[in-house]
Every structure is written in C-alpha cells, then in structure tokens.
Amino acid sequence: MSQKRLEGRIALVSGGLRGIGRAISECLASDGAKVIVTDLDDSEAPDVVAALKAIENTSYIKLDATQEDQWITAREIIQKDYGHLDILVNNVGADLTGKVQDIALADWRRLMTLNVDTVFLGTKTFQPLLAKGGATTPYGSSIINISSIMGLVGMSDVSAYNASKGAVRLFTKSNALEFADAGVPIRVNSVHPGFVETPLLHKGMERWAAREGTTAQSLIDAMAQTTPFKRLAQPVEIGKVVAFLASDDASYMTGSEVVVDGGWTAR
Ligand SMILES: NC(=O)c1ccc[n+]([C@@H]2O[C@H](COP(=O)([O-])OP(=O)(O)OC[C@H]3O[C@@H](n4cnc5c(N)ncnc54)[C@H](O)[C@@H]3O)[C@@H](O)[C@H]2O)c1
C-alpha cells in the first residue's frame, strides 16, 4: 500500500471545529496527518465529541487563539506528546463590515486581535517546534495562514476586514523571507479564499442584510453571481489546497499567496 503524503506529520489547526478549519482538519487527516484540532469549546462539548468521532487520527486542545498563555500551554502539550510540529494552520478569523464612520474602535481592535494577533501568536509560539519538525523532513515544515481575497483587493464597507487580511498576506511574506534567510526549515504561505459557505459567511450576511434592509440569502445569491463560477466555494475546496501546501508536493513554495476564489479576482 502506498504511503499517504502526510503520513507521520503532526498538524495543528486553529479554529478547527467548524467551517473552513473543520474542512482543513478533515483534509489533513485524510492525507494521513495526525491532526490536533483547537477551538474555543470545552473538550466535552458536543461539537468536539462529534469532530473527534468523524475525523480519524485526531485529538483536541481547547485554545483561544487570541491568548498567548493558551498557545504556550498547547505547545507544552505537543512538546510532551510529540516533541515537534510539522504543520500549523492559522485559520481563526472573524469578519466586520461597515463604513469607517460607523466602526467603533473597540470593534476594530477586536477584529485585529482575532485576525492578526492570532497568526502572530501561533507563528511565534510554534516556530521552535516547527523548526524541529522541519529539520527531519526533506522540504521543511509548513505554516499556512488563512487570509482572503479581501486581503488582495479592497471593497467598499469592508475596510477593517481588508486591513486585517492584508496584514496576514504581508506577515506571511516577511515571515517566509525571515525563515529562508536564516535557514529555518519552515515554509510559510497564505491562502486567499473567495466566498465560502460557512457559519461565518451566513452570520456576516445576516448582519449586513439587517443594515441594508434586505435578506441574507439575496446577498449570498449576489455573491455567487459576481463570482465567475456562479457559486460559493465549499469548505473542502479550501481544505484540499491547504493539504497540498502542507505537503512535500509544495516543496518549492514559500511566501506565496494561493488564491482559491472561483475566478473572482481574475478580472
Ligand atoms: N467563509 C468565507 O467566505 C471566508 C472567505 C475568506 C476567508 N475566510 C477566512 O477563513 C477563516 C475561517 O473562516 P470560517 O468562515 O470557516 O469561520 P467560522 O466562523 O465558520 O469558523 C471559525 C471557527 O473558529 C473558531 N474560533 C473563533 N474565534 C476563535 C478563537 N479566538 N480561538 C479559537 N477558535 C476560534 C470558531 O469557534 C469556529 O469553529 C477565517 O480566517 C476567515 O476570515 C473565510
């Protein structure tokens, strides 16, 4: 039997219980990785129990990705259990829409904490264990940061989210260069999904619709219509790309931005 491409690799996914993070966890596991799903829920919560049942070779650590002490605790657990890490997916993120005049500073800061601090903290905390993992594999370990098409192009009423996801894009590139220049065996790439059918997207559209006096479904339909493929992505379509970037198949990729958007930014 041929070996799966992530066999023997240890992966951590932040915000891995739902939406894109859940699909990423499933794709990494089906390629053979041991996946440590992390999220906000308690270990005994129904979604955690269901995820552990459904995804093979998985364990769970409760980790609020905005809290440095919780990242450090997760690192201690993984150091003790495995001694290294091979794949880190910084997936946690939230959205915020509205005109600059209407955005409260506290909401802006909360978004930057969720979308930018989490990427910084995951990277900083796990660099030593990823470097250890990378030294034992031919093409290094892999960090994948989930940005967005909104980290590539601007959009009216999306300035806060644009700013946060643009930060993730450039943090990824500097980090990739920092590691390559210093000979640290970690590849770092960002993924830029278009509109993906997840709880985040639905909740965001409900808030936007309430402001505009329309329905979430009509906004979602409009999103599909502005996408060349005329449909939203399914989370697994992002998960498969992340699994590729995590694997040795992406051996020459670092600092790159991988767009998965049904053609949305091709225009
Ligand atoms: N859905 C889209 O259309 C879309 C498009 C482009 C990029 N993205 C990005 O993809 C990522 C995932 O989005 P999604 O749509 O799957 O979101 P989601 O809200 O559906 O799922 C996010 C998961 O993260 C968890 N989470 C939230 N805050 C957390 C925290 N502080 N610590 C740990 N876990 C936390 C949630 O409990 C949930 O399980 C985000 O970074 C988002 O910005 C989403």
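Residues numbered from 1 in each chain as written. Predicted model: local features only at pLDDT ≥ 70, side-chain atom pairs only at ≥ 80, totals over all residues.

Student: Can you walk me through the sheet that holds strand β3 (residues 58-62) in this structure?
Tutor: Backbone-to-backbone hydrogen bonds join strands into a sheet, with any given pair of strands oriented parallel or antiparallel. In spatial order, the strands read β3-β2-β1-β4-β5-β6-β7; together these seven strands make up an open sheet with parallel pairing. The sheet is open, and its two borders are formed by β3 and β7 (257-260), each paired with just one other strand. Across the sheet, the mean angle from the axis of one strand to that of its neighbour is 20°, orientation sign disregarded. By the bridge criterion, three bridges tie strand β1 (residues 10-14) to strand β4 (residues 87-90) in an arrangement that is parallel. Bridged to Val 13 within β4 is Val 89. Contacts from helix α1 (residues 19-30) reach β1, β2 (34-39), β3, β4, β5 (141-146) and β6 (186-193) within the one sheet, and its direction differs from that of β1 by about 170°. (Pairing = 2+ DSSP bridges. Helix = DSSP H or I, 4+ residues; strand = E, 2+ residues; numbered from the N terminus. Axes fitted to C-alpha atoms, helices over the stretch in contact; angles between N-to-C directions. Contact = placed C-beta atoms within 7 Å.)

Student: Explain the pairing of β4 to me, please; I cannot follow it from the model alone.
Tutor: Each regular strand shows side chains that alternate between the opposite faces of the sheet. Here β4 shows a buried face lined by Ile 87 and Val 89 and a second buried face lined by Leu 88 and Asn 90. Bridge count for β4 against β5 is four bridges, and the pairing is parallel. Note that in β5 the partner of Val 89 across the bridge is Ile 144. Chirality of the crossover, the property in question, places the unit of β4, helix α4 (residues 105-135) and β5 among those that are right-handed. (Buried ≥ 20, exposed ≤ 12 C-beta atoms within 10 Å, placed from the backbone. Right-handed = clockwise from strand over helix to strand, strands pointing away.)

Student: I keep staring at the site of the ligand and nothing clicks. Help me out?
Tutor: Looking at the ligand, there are 26 residues lining it, with Gly 15, Gly 19, Gly 93, Thr 198 and Leu 200 nearest. Those elements that provide at least two residues to the shell around the ligand are α1 and α6 (199-212). Of the residues contributing to the shell around the ligand, the split by class is 14 nonpolar, nine polar and three charged. Structurally, the shell around the ligand is a two-domain feature, drawing no fewer than three residues from each of domain 1 (10-194 + 234-256) and domain 2 (197-232). (Near = placed C-beta within 6 Å. Nonpolar A, V, L, I, M, F, W, Y, C, P; charged D, E, K, R; others polar. Domains from an automatic or database assignment.)

Student: Looking at this structure, how should I read the domain arrangement of the protein?
Tutor: It is common to report an interface's size as the accessible area lost on association of the parts. Each assigned domain of the protein is listed here: domain 1 (10-194 + 234-256) and domain 2 (197-232). The C-alpha centroid of domain 2 is placed 25 Å from the C-alpha centroid of domain 1. Tallying the contact residues gives nine residues for domain 1 and seven residues for domain 2.

Student: Looking at this structure, I do not really get unusual backbone geometry. What am I missing?
Tutor: Excluding glycine, residues mostly carry a negative phi; peptide bonds, for their part, are mostly trans. Positive phi, normally seen in glycine, also occurs at Asn 57, with a value near 60°. When you line up the elements, Asn 57 lands in the loop between α2 (46-54) and β3. Backbone geometry places Lys 230, a non-glycine residue, at a positive phi of 60°. Structurally, Lys 230 can be placed in the loop between α7 (216-226) and α8 (235-246). Looking at Lys 230, the number of C-beta atoms within 10 Å reads 10, which means it is exposed.

Student: Help me understand the nonpolar core, please; the structure alone is not making it clear to me.
Tutor: One recurring pattern in soluble globular proteins: nonpolar side chains tend to sit buried together. If you look at the biggest cluster of nonpolar residues, it comprises 44 residues, and the most contacted ones within it are Ala 11, Ile 24, Leu 28, Val 35, Ile 238, Val 242 and Ala 246. Excluding its chain neighbours within four sequence positions, the residues that come into contact with Ala 11 are Leu 28, Ala 33, Lys 34, Val 35, Ile 36, Asp 86, Ile 87, Val 89 and Ala 246. With seven residues, the next largest nonpolar core counts Leu 96, Ile 149, Val 259 and Trp 264 among its residues. (Core = buried A, V, L, I, M, F, W, Y, C linked by C-beta atoms within 7 Å.)

Student: What am I meant to see in helix α3 (residues 68-81) here?
Tutor: Owing to its 3.6 residues per turn, the α-helix brings residues three or four apart onto one side. Over its 14 residues, α3 runs 20 Å from end to end, which matches the ideal 20 Å to within 8%, given 1.5 Å per residue. Count one or two residues on from α3 and you reach Gly 83, which has phi positive near 85°. (Expected span 1.5 Å × (residues − 1).)

Student: Can you help me understand the packing of α6 against α7 in this one?
Tutor: Packed helix pairs are specified by the crossing angle of their axes together with the interaxial distance, meaning the distance between the axes. At a minimum axis distance of 8 Å, the contact between α6 and α7 shows a crossing angle of 115°. The pairing of α6 with α7 is recorded here as roughly perpendicular in orientation. In this structure, the crossing between α6 and α7 has a hand that is right-handed. Judged by residue contacts, His 202, Met 205, Glu 206, Trp 208 and Ala 209 of α6 engage Ala 216, Leu 219 and Ile 220 from α7. (Parallel < 35°, antiparallel > 145°, perpendicular 65-115°, else oblique. Left-handed = near helix turned anticlockwise from the far one by under 90°.)

Student: I keep staring at the packing of α3 against α4 and nothing clicks. Help me out?
Tutor: For the pair α3 and α4, interaxial distance at closest approach is 10 Å and the crossing angle is 25°. With respect to each other, α3 and α4 are oriented roughly parallel. Considering only the axes of α3 and α4, their crossing is right-handed. Contacts between α3 and α4 pair Glu 68, Trp 71, Ile 72, Arg 75, Ile 78 and Gln 79 from the former with Leu 121, Gly 122, Thr 125, Phe 126 and Leu 129 from the latter. Its residues assigned to classes, the contact of α3 with α4 shows six nonpolar, three polar and two charged.

Student: What is the right way to read the environment of Ser 256 from this model?
Tutor: Inspection of the secondary structure assignment puts Ser 256 in the loop between α8 and β7. As a C-alpha pair, Ser 256 and Leu 170 span 86 residues in sequence and 10.0 Å in three-dimensional space.

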